[in-house]
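Chain residues, written in single-letter form:
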Amino acid sequence: MTSSTGVFRGSRRWWYLGGLAALIGGTLLWCGTDLDVLVSSLFYTPTGRDRWSLEYHFIFQALYKYGSWPTYFLALISGALLLLSLAVVRLRSWRRRLGVVVLTVLIGPWLLTNLVLKEHWGRPRPRDVKVFGGQYDYRPVWRPGPSAEGPSFPSGHAAMGFGLVGLAFLFRRRRTGRLVAAGAVGYGAFMGLVRVIQGAHFASDVLWSAGVTLGTALVLHDFVFRLPGSEERDRRRHPEWFQGPWRIESPARLGWCLVGTLVVAGVSLGGFLLTRQVKIVTRYNRFIVPAGVERLVVAIEAPQADVNVRLDDSRGEYHNRPRRWAVDLQAVVRYLGPPWHRIRDSARARRRGRDLVVTYRRRTSGLFLSRSISLNVAVNPRLPLELRIKTADGAVTVDTGGRLPVVLGPVSITTGSGRIRMKVGRRAALSGPWLIRSAAGRVELSLRDVTARGLVVGDLRSWRGDVRLTWMQGRPVGGWLVLGVGAGAGDIVFQGRFNPGALGIEVAAMSPGGRVTSQIDGAVRAGPGGVWQWGASAFQGAVVGLAADRGRIILELGGTGQPPKPNQ
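Residues numbered from 1 in each chain as written. Predicted model: local features only at pLDDT ≥ 70, side-chain atom pairs only at ≥ 80, totals over all residues. Heavy atoms only, no water.

1. Considering the overall build of the chain
Line of reasoning, step 1. The secondary structure content of the chain amounts to 10 helices and 25 strands.
Line of reasoning, step 2. Restricting to contacts in the chain with at least 6 residues of sequence separation, those with at least 24 account for 73%.
Line of reasoning, step 3. Put simply, the chain shows about 27,500 Å² of open surface, and 60% of that area lies on carbon and sulfur atoms. (Helix = DSSP H or I, 4+ residues; strand = E, 2+ residues; numbered from the N terminus. Contact = heavy atoms within 4.5 Å. Areas by Shrake-Rupley, 256 points an atom, 1.4 Å probe, with all protein chains shown as cover.)

Dropping the structure here:
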């Protein structure tokens with residue numbers, strides 16, 4: 001390429017026009033149809049916990065962990081040779097090609113894909129969208145969202161696979177270079193397919209990874225370094241670069257080049273170790289229920305883990321579950337950091353009298369740049385269940401659903417800065433006591449047509465967060481529930497609906513630094529001593545005592561019941 005007018009010389013013009021047309025046409029195709037969702041649904045199973053059944057396959061896990069290594073090593077070796085070209089005369093003829101390789105990896109996969117687009121575009125991953133059981137709405141590729149929703153666009157692993165196209169520019173023979181380029185494109189497409197199968201990216205994310213990386217490589221090749229035509233000028237001006245022995249221009253310069261190469265190699269290797277993504281999956285599901293056991297106790301102690309508890313009575317797709325299984329635990333750890341770390345977990349079951357106690361503990365230590373630990377717990381509800389969960393920074397979610405009957409209690413859940421969310425559905429019977437406390441997180445308790453076994457006493461408390469308590473009692477049930485609710489600096493919110501004959505509930509709430517808000521639908525009357533009472537009688541209604549030192553108390557009461565007569 002001897003002049004600026006020869007950039008699109010010959011058939012090279014069609015590389016740019018064809019690639020741009022494929023990128024725009026593919027984007028319009030994905031935006032106008034449900035092709036993204038359709039492709040991802042081929043690898044999704046709507047039932048069971050392992051909904052992306054091939055996500056933890058050992059081949060796909062190996063590609064997830066080590067699939068980007070060839071591109072890392074290609075950029076590292078090319079950068080070292082580029083530094084050595086300052087002292088070795090023969091290597092100077094390779095400077096432009098080595099520069100294309102290094103900058104293709106740095107600008108395409110690393111800068112544009114991972115740092116700019118992926119961290120700020122805000123497209124949720126397939127496993128996080130509502131279509132596949134997640135919590136976010138599906139976003140087309142052209143519509144960005146909040147960065148917290150997910151780093152799906154574009155695919156970083158696919159971009160690293162396409163980054164191997166820089167290797168094709170090291171070959172001066174056109175046919176060999178095109179074969180190597182075709183292999184690099186195939187490897188990048190395969191890496192993208194693996195991430196689609198794992199539910200981590202949509203197919204359109206892989207398309208844009210190819211467009212960004214290959215477009216960066218072509219622009220560097222034709223516009224920045226001007227490889228077509230530039231080597232002909234260098235050959236006429238500096239013939240010693242292309243022939244003769246491997247002459248060293250200066251021993252001192254060679255020494256400094258070697259030192260610089262070692263520094264670059266050390267920094268690159270350290271950055272790779274610090275930013276490598278590691279995923280560890282452990283599973284414990286061989287806990288069986290011995291004969292004579294009358295209660296199941298689940299004790300979990302994981303300082304940095306998010307704990308999710310749900311009920312499951314099916315064997316279903318879990319063929320390795322025993323027939324009389326009690327608890328199924330699955331721990332997933334994702335982290336960025338060096339290899340010197342310790343992640344220790346243990347799970348065991350012991351029988352104490354007529355109780356089966358399943359204990360899980362996890363300890364982590366080391367240097368982590370980021371760490372995400374989730375613990376999924378499936379419990380067989382054939383036995384009365386007692387929960388003991390303790391975590392420092394993680395969130396706790398307990399959902400009994402409404403399909404399976406369960407006797408829940410006692411319950412003890414404590415967390416530091418995490419949120420606690422409990423949703424107890426119908427067909428659940430409560431037994432006490434209940435202790436739910438969070439130092440700085442939000443506490444949410446939702447009860448829907450539950451039954452209390454006798455008198456159940458509970459304590460809900462958050463020192464710096466909000467507390468939300470929701471009742472939905474629409475059918476006559478038995479029992480009496482007494483709750484103490486406290487929020488040091490947050491707000492307390494009561495919501496719900498009661499019918500006569502519903503569960504008896506008595507609540508004492510205090511928020512020194514916040515406010516107490518009650519939005520209750522049901523029959524209302526005022527009791528003695530400033531106590532508000534719902535229902536037809538003291539044992540079939542709800543009694544709430546409210547107090548605030550420096551905050552406000554707001555009551556919004558209304559319903560279909562008739563107010564009592566003055567002589568009552």
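Now, onward.
2. Some thoughts on the pairing of strand 13 (residues 434-438)
Line of reasoning, step 1. Judged by which residues are buried, strand 13 turns out to be one-sided: Trp434, Ile436 and Ser438 face inward and are buried, whereas Leu435 and Arg437, on the alternate face, are not.
Line of reasoning, step 2. In terms of strand pairing, strand 10 (residues 406-415) meets strand 13 through five bridges, oriented parallel. Across the sheet, the residue bridging to Thr415 is Ser438, located in strand 13.
Line of reasoning, step 3. In this structure, strand 13 lies alongside strand 16 (residues 455-462), joined through five bridges in parallel fashion. Of the residues in strand 16, the one forming a bridge with Ile436 is Leu460. (Buried < 20%, exposed > 50% of the residue type's maximum accessible area, 1.4 Å probe, protein only. Pairing = 2+ DSSP bridges.)

3. Let's talk about the pattern of salt bridges
Line of reasoning, step 1. The full count for this structure, using the stated rule, is 15 salt bridges.
Line of reasoning, step 2. Between Glu386 and Arg295 there is a salt bridge, with its nearest N and O atoms 3.1 Å apart. Remark: Arg295 occurs in strand 2 (residues 295-301) and Glu386 occurs in strand 8 (residues 385-391); sequence separation between them is 91 residues.
Line of reasoning, step 3. Take Glu386: its relative accessible area is 8%, and that puts it in the buried class.
Line of reasoning, step 4. One salt bridge in this structure joins Asp459 and Arg461, with 3.2 Å as the shortest N-O distance.
Line of reasoning, step 5. Exposure remark for Asp459: the relative accessible area of 14% places this residue in the buried category.
Line of reasoning, step 6. Connected through shared salt-bridge partners, Arg295, Asp355, Glu386 and Arg388 make up one network. (Salt bridge = Lys/Arg side-chain N within 4 Å of Asp/Glu carboxyl O.)

4. A word on the side chain of Ser152
Line of reasoning, step 1. If you trace the backbone, Ser152 turns up in the loop between helix 5 (95-120) and helix 6 (156-162).
Line of reasoning, step 2. Judged by its relative accessible area of 0%, Ser152 falls in the buried class.
Line of reasoning, step 3. A polar side-chain atom of Ser152 sits 2.6 Å from a polar atom in the side chain of Asp205. (Polar contact = N/O pair within 3.5 Å; in protein donor to acceptor, adjacent residues only side chain to side chain.)

5. Comments concerning the packing of aromatic side chains
Line of reasoning, step 1. Overall, the coordinates contain nine aromatic pairs when judged by the stated rule.
Line of reasoning, step 2. Between Tyr66 and Trp69 the ring centres are 5.1 Å apart and the planes differ by 90°, which places this aromatic pair in the edge-to-face class.
Line of reasoning, step 3. Consider the rings of Tyr284 and Tyr360, whose centres lie 6.3 Å apart with planes at 65°: the pair is edge-to-face. Here the residue Tyr284 occupies a position in strand 1 (residues 277-284), and Tyr360 occupies one in strand 6 (residues 355-366), the gap between them amounting to 76 residues.
Line of reasoning, step 4. Using a relative accessible area of 2% as the deciding quantity, one classes Tyr360 as buried.
Line of reasoning, step 5. Here a set of aromatic residues connected by ring pairs shows up, and it is made of Tyr44, Trp52 and Phe132. (Phe/Tyr/Trp six-rings, centres within 6.5 Å; stacked < 30°, edge-to-face > 60°.)

6. Let's talk about unusual backbone geometry
Line of reasoning, step 1. Note the cis peptide between Phe153 and Pro154, where omega equals -20°.
Line of reasoning, step 2. Mapping Pro154 onto the fold places it in the loop between helix 5 and helix 6.
Line of reasoning, step 3. Following Gly409, the chain continues into Pro410 via a peptide bond in cis, with omega recorded as -5°.
Line of reasoning, step 4. The residue Pro410 is located in strand 10 in this model.

7. Side note on the packing of helix 3 (residues 58-66) against helix 7 (residues 174-197)
The axes of two packed helices give the description: the angle between them and the distance between them.
Line of reasoning, step 1. Running from N to C, helix 3 and helix 7 cross one another at 120°; their axes reach a closest spacing of 10 Å. Regarding the angle of helix 3 to helix 7, the classification is oblique. Relative to helix 7, helix 3 is oriented so that their crossing is left-handed. Of the residues in helix 7, those in contact with Phe60, Leu63 and Tyr64 of helix 3 are Phe190, Met191, Val194, Arg195 and Ile197. (Axes fitted to C-alpha atoms, helices over the stretch in contact; angles between N-to-C directions. Parallel < 35°, antiparallel > 145°, perpendicular 65-115°, else oblique. Left-handed = near helix turned anticlockwise from the far one by under 90°.)

8. Some details on the nonpolar core
Line of reasoning, step 1. With 58 residues, the main nonpolar core has Leu296, Met422 and Trp434 as its most contacted residues.
Line of reasoning, step 2. Excluding residues within four positions of it along the chain, Met422 makes contact with Val398, Leu408, Val411, Ile413, Trp434, Ile436, Glu444, Leu445 and Ser446.
Line of reasoning, step 3. Membership of the second largest hydrophobic core comes to 13 residues, among which are Leu74, Phe169, Leu170 and Ala217. (Core = buried A, V, L, I, M, F, W, Y, C linked by side-chain atoms within 4.5 Å.)

9. Quick word on the environment of Val196
Line of reasoning, step 1. Tracing the sequence through the fold places Val196 in helix 7.
Line of reasoning, step 2. Each C-alpha atom of the pair Val196 and Val206 lies 8.5 Å from the other, and the pair is 10 residues apart in sequence.
Line of reasoning, step 3. Beyond its immediate chain neighbours, meaning those up to four positions away, Val196 contacts Val39, Ser40, Phe43, Trp52, His201, Phe202, Ala203 and Val206.

10. Focus on the side chain of Ser431
Line of reasoning, step 1. Relative to the helices and strands, Ser431 is located in the loop between strand 12 (428-430) and strand 13.
Line of reasoning, step 2. Among the polar contacts made by the side chain of Ser431, one reaches the main-chain carbonyl oxygen of Gly409 at a distance of 3.2 Å.
Line of reasoning, step 3. Apart from residues lying up to four places away in sequence, Ser431 is in contact with Val407, Leu408, Gly409, Pro410 and Val456.

11. Brief notes about a nonpolar patch on the surface
Line of reasoning, step 1. Residues Leu106, Trp110, Leu111, Leu112, Leu115 and Val116 make up a contiguous nonpolar surface patch of roughly 500 Å² in combined accessible area.
Line of reasoning, step 2. With respect to the secondary-structure elements, Leu111 resides in helix 5.
Line of reasoning, step 3. When its relative accessible area of 35% is taken as the criterion, Leu111 is described as partly exposed. (Patch = residues over 30% accessible without salt bridge, like charges linked within 9 Å, V, L, I, M, F, W, Y side chains within 5 Å.)

12. Examining the confidence of the model for the chain
Line of reasoning, step 1. Per-residue confidence for the chain averages 77 on the pLDDT scale, and 80% of its residues sit at or above 70.
Line of reasoning, step 2. Ranking the elements of the chain by mean pLDDT puts strand 22 (residues 524-526) last, at 32, and strand 8 first, at 93.
Line of reasoning, step 3. The low-confidence segment residues 1-11 (pLDDT under 50) makes 21 contacts with residues lying over four places distant or belonging to another chain.
Line of reasoning, step 4. Counted against residues more than four places away or in other chains, residues 522-568, with its pLDDT under 50, gives 90 contacts. (pLDDT = per-residue confidence, 0-100.)

13. Brief notes about the environment of Leu408
Line of reasoning, step 1. One can find Leu408 in strand 10.
Line of reasoning, step 2. The class for Leu408 is buried, based on a relative accessible area of 2%.
Line of reasoning, step 3. Taking the C-alpha atoms as reference points, Leu408 and Leu430, 22 residues apart in sequence, are found 5.1 Å from one another.
Line of reasoning, step 4. Leaving out residues up to four positions away in the same chain, Leu408 has contacts with Leu385, Leu387, Thr400, Met422, Val424, Ala429, Leu430, Ser431 and Trp434.

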